[in-house]
Amino acid sequence: MTDLHLNTFQAGIWSTVEMLAYAGAMFGISPWAAGLHLRRVALVAGIMVVVAQGTSAIVASYGILLALRLLAGTGLGMLNAVVNIGTARSHAPARRLSLVMIVQTVVFTIASLLLPQATALGGRAGVFGFLALLVVFLLPLMGFTTSRSSIPRSHRVSITRSGERSCVHPRFIIAAVVFYTSGSLAIWPFSAHVGHLAGLTNTAFGWLAAVANIGGLAMCIAGSLLGDGRAAFRLLAPAVLLTALACVVQAVPWSIPAFCTAFLLNYALWFFIYPNLIGIACRMDPTGRLATLCSGGWMISQASVTPLSGLLGRNGHFLGVGLLGMGNCLVSTLLVVGLYFSMHGRTRNRSMSQHRSCKNKQVYVRSGLDTYF
């Protein structure tokens, strides 16, 4: 904004274009999930991001920069699709995704420490040049990605894994992800502002963010150890419910301890809830298409809830934003509870009934197009 003299509206368009491109790439790639060669897609997507970030370091035209955000968002969306599809092809998707998020958190932390130095040395060119070099450095690691799916493209794919019987429509897990992400993320763009109103200095808020990052990393490690069993599934609804309460407290500067507690809870619980929601989608559909659609829905919800939150908080009071977040998280909680009882009926009669009604239910993958909808 400073280097190109952008106003807040232009900066918002910049961010929205990248997020929508991110989501569009995931939606676009999902029909071919079953037969996708992940290493090739990861390599192409990585090169797209390198070109977009590297060119953004030297271009000054706002129109061209928006086109480069489109390219960067598309590449990042393709990479996220690779992660989700590769995770779905594993035997323990929630655990695998938790491990991925551990690596992601470490890379994010390193980047956060080095970006200020890159800014001091080269300004905007230094920032985007550093981001391009970071992806170049990580490109060889994409060779470890699972390449081909063990599921033939024309093969019938069971809709559930390992004894989980589900007659629920796949849209329910997509809705659970969308309501949770839109609810928990509604207040985040304004968290620093609310923290300052509560009495936190810039330095104190920086320390709070650092502690939250450590808490998120710890939650990832705990999630990877907990795995994909029923215990993690049982904890999912209480975790989303706790997030619903944190959304309200985080939006209102009642006191510094209350704000900090809500901030830490909302941030750390994301690292448990998100991989487990995507893990459920992976177990419902081992081709990875459903998980990719869920993550695409997350990006759409994030792109749409931010301007709505800005409208609700335009008078400087963000209680409405907190209530919006709480309401969305409560809906997600109900959906998660419904998913649990659908996939893990408690009584024997219920389990037998689900077994009979779902016995022949299958998802067909024909030339990479799943017949979900």
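We now turn to the structure provided with this report. Within each chain, residue numbers correspond to sequence positions counted from 1 in written order. Restriction of local features to residues with pLDDT of at least 70 applies here, the model being predicted, together with a cutoff of 80 or more for giving and counting side-chain atom pairs; totals for whole chains, interfaces and linings are based on all residues. In computing side-chain values, all of the structure's heavy atoms are included and hydrogens and water are not.

## Here we look at the layout of surface pockets
(1) Moving on: As a volume, the second largest pocket reaches approximately 160 Å³.
(2) Moving on: Side-chain classes are defined by residue name, with Ala, Val, Leu, Ile, Met, Phe, Trp, Tyr, Cys and Pro counting as nonpolar, Asp, Glu, Lys and Arg as charged, and the others, Gly among them, as polar. A class-by-class count of the residues in the lining of the second largest pocket yields six nonpolar, two polar and two charged. Lining residues are those with an atom within 4 Å of a point, where the points come from a 1 Å grid over the protein atoms alone and group into cavities, where a 1.4 Å probe fits but cannot get out, or pockets, open sets with protein on both sides within 12 Å along at least five of seven lines. Grid points are joined across faces, edges and corners, and a volume is the space filled by probe spheres set on the points.

## What about the state of the cysteines?
(1) Moving on: A pair of sulfur atoms, both from cysteines and within 2.5 Å, is called a disulfide here. Summed over all chains, the structure comprises zero disulfides.
(2) Moving on: For the unlinked cysteine C282, the closest cysteine sulfur is that of C294, found at 8.5 Å.

## Digging into the environment of P170
(1) Moving on: Secondary structure follows DSSP: runs of H or I at least 4 residues long count as helices, runs of E at least 2 residues long count as strands, and numbering of each begins at the N terminus. Of note, P170 is situated in the loop between strand 1 (156-158) and helix 5 (171-185).
(2) Moving on: In sequence terms P170 and L290 are 120 residues apart; their C-alpha atoms lie 7.3 Å from each other.

## Regarding the nonpolar core
(1) Moving on: By convention a nonpolar core is built from buried Ala, Val, Leu, Ile, Met, Phe, Trp, Tyr and Cys residues, the set being connected through side-chain atoms within 4.5 Å. Between buried and exposed lies partly exposed: a residue is buried under 20% and exposed over 50% of the maximum accessible area for its type, with that area taken using a 1.4 Å probe on protein chains only. Within the largest apolar cluster, 85 residues are counted, with the highest numbers of intra-cluster contacts made by I173, F259, I273 and L277.
(2) Moving on: In terms of residues, this core owes the most to one element, helix 9 (residues 256-284), which gives 16 residues.
(3) Moving on: What counts as a domain boundary in this text is fixed by an automatic or database domain assignment. Taken domain by domain, this core gets at least three of its residues from each of domain 1 (6-146) and domain 2 (168-357).
(4) Moving on: Residue contacts follow a heavy-atom distance rule, with two residues in contact if any of their heavy atoms lie within 4.5 Å. Those residues in contact with L277 that sit more than four places away from it in its chain are I173, A176, V177, Y180, L236 and V336.
(5) Moving on: Core analysis: the next-biggest nonpolar cluster, separate from the first, contains seven residues, V59, L65, L66 and F128 among them.

## Quick look at the side chain of N80
(1) Moving on: As for its position among the elements, N80 is in helix 3 (residues 62-88).
(2) Moving on: We classify N80 as buried; its relative accessible area is 12%.
(3) Moving on: When neighbours within four sequence positions are excluded, N80 is seen to be in contact with Y22, M26, S295 and W298.

## Digging into the packing of aromatic side chains
(1) Moving on: Any pair of Phe, Tyr and Trp rings, taking the six-membered ring for Trp, is counted once the centres come within 6.5 Å. Such a pair is stacked with planes under 30 degrees apart, edge-to-face with planes over 60 apart, and tilted for the rest. Applying the stated criterion across every chain yields a total of 14 aromatic pairs.
(2) Moving on: The interplanar angle of 5° and the centroid separation of 5.1 Å between the aromatic rings of W270 and Y274 together place this pair among those described as stacked. A residue pair is termed a helical-turn pair when its members lie 3 or 4 positions apart in one helix, as W270 and Y274 do in helix 9 at four residues.
(3) Moving on: Judged by relative accessible area, which is 6%, Y274 ranks as buried.
(4) Moving on: Linked through ring pairs, W188, F205, F259, F263, Y267 and F271 together constitute an aromatic cluster.

## A word on helix 6 (residues 191-198)
(1) Moving on: Within helix 6, the full set of buried residues consists of S191, V194, G195 and A198. When helix 6 is viewed along its axis, its buried side chains cluster within an angular range of 100° and face the same direction.
(2) Moving on: Buried residues belonging to helix 6 abut helix 7 (202-226), helix 8 (230-251) and helix 9.
(3) Moving on: Looking one or two residues beyond helix 6, the residue adopting positive phi is G199, at roughly 120°. To be clear, the arc concerns the directions from the helix axis to the C-beta atoms.

## Some details on empty space enclosed by the protein
To find leftover empty space, a probe the size of one water molecule is rolled over the atoms.
(1) Moving on: Tallied over the entire structure, the rule returns one cavity of 30 Å³ or more.
(2) Moving on: Put simply, the largest cavity is a space of about 40 Å³.
(3) Moving on: Considering the residues around the largest cavity, the lining is formed by G227, D228, G229, A232, F233, L236, N276, I280 and R283.
(4) Moving on: Those elements that place two or more of their residues in the lining of the largest cavity are helix 8 and helix 9.
(5) Moving on: Across the lining of the largest cavity, the residue classes break down as four nonpolar, three polar and two charged.

## Digging into a nonpolar patch on the surface
(1) Moving on: Surface patches are defined over residues having more than 30% relative accessible area and no salt bridge, joining like charges when they lie within 9 Å and nonpolar side chains (Val, Leu, Ile, Met, Phe, Trp, Tyr) when within 5 Å. Surface accessibility in these figures is a Shrake-Rupley result with a 1.4 Å probe; residues are shielded only by whichever protein chains are displayed. Each reported salt bridge corresponds to a side-chain nitrogen of Lys or Arg within 4 Å of a carboxyl oxygen of Asp or Glu. The grouping of V106, I110, L113 and L114 at the surface amounts to a nonpolar patch, some 350 Å² of accessible area in total.
(2) Moving on: Judged by its relative accessible area of 59%, L113 falls in the exposed class.

## With respect to helix 9
(1) Moving on: Each residue after the first adds 1.5 Å to the expected span of a helix. Between its first and last C-alpha atoms helix 9 spans 42 Å; for 29 residues at 1.5 Å apiece the expected length is 42 Å, and the two agree.
(2) Moving on: For helix 9, the buried fraction is high: 23 of the 29 residues fall into the buried class.
(3) Moving on: You can read the cap of helix 9 off the contacts: a side-chain oxygen lies 3.3 Å from the backbone nitrogen of A258, and it is on S255. By the criterion applied in these results, polar contacts are pairs of N or O atoms within 3.5 Å in which, for protein atoms, one can donate a hydrogen and the other can accept it, and in which residues neighboring in sequence qualify only through two side-chain atoms.

## Notes on the pattern of salt bridges
(1) Moving on: For the structure on display, the rule yields one salt bridge.
(2) Moving on: Residue E18 is joined to R69 by a salt bridge in which the shortest nitrogen-to-oxygen separation is 3.1 Å. Note that E18 is positioned in helix 1 (residues 8-29) and R69 in helix 3, a separation of 51 residues in sequence.
(3) Moving on: Using a relative accessible area of 18% as the deciding quantity, one classes E18 as buried.

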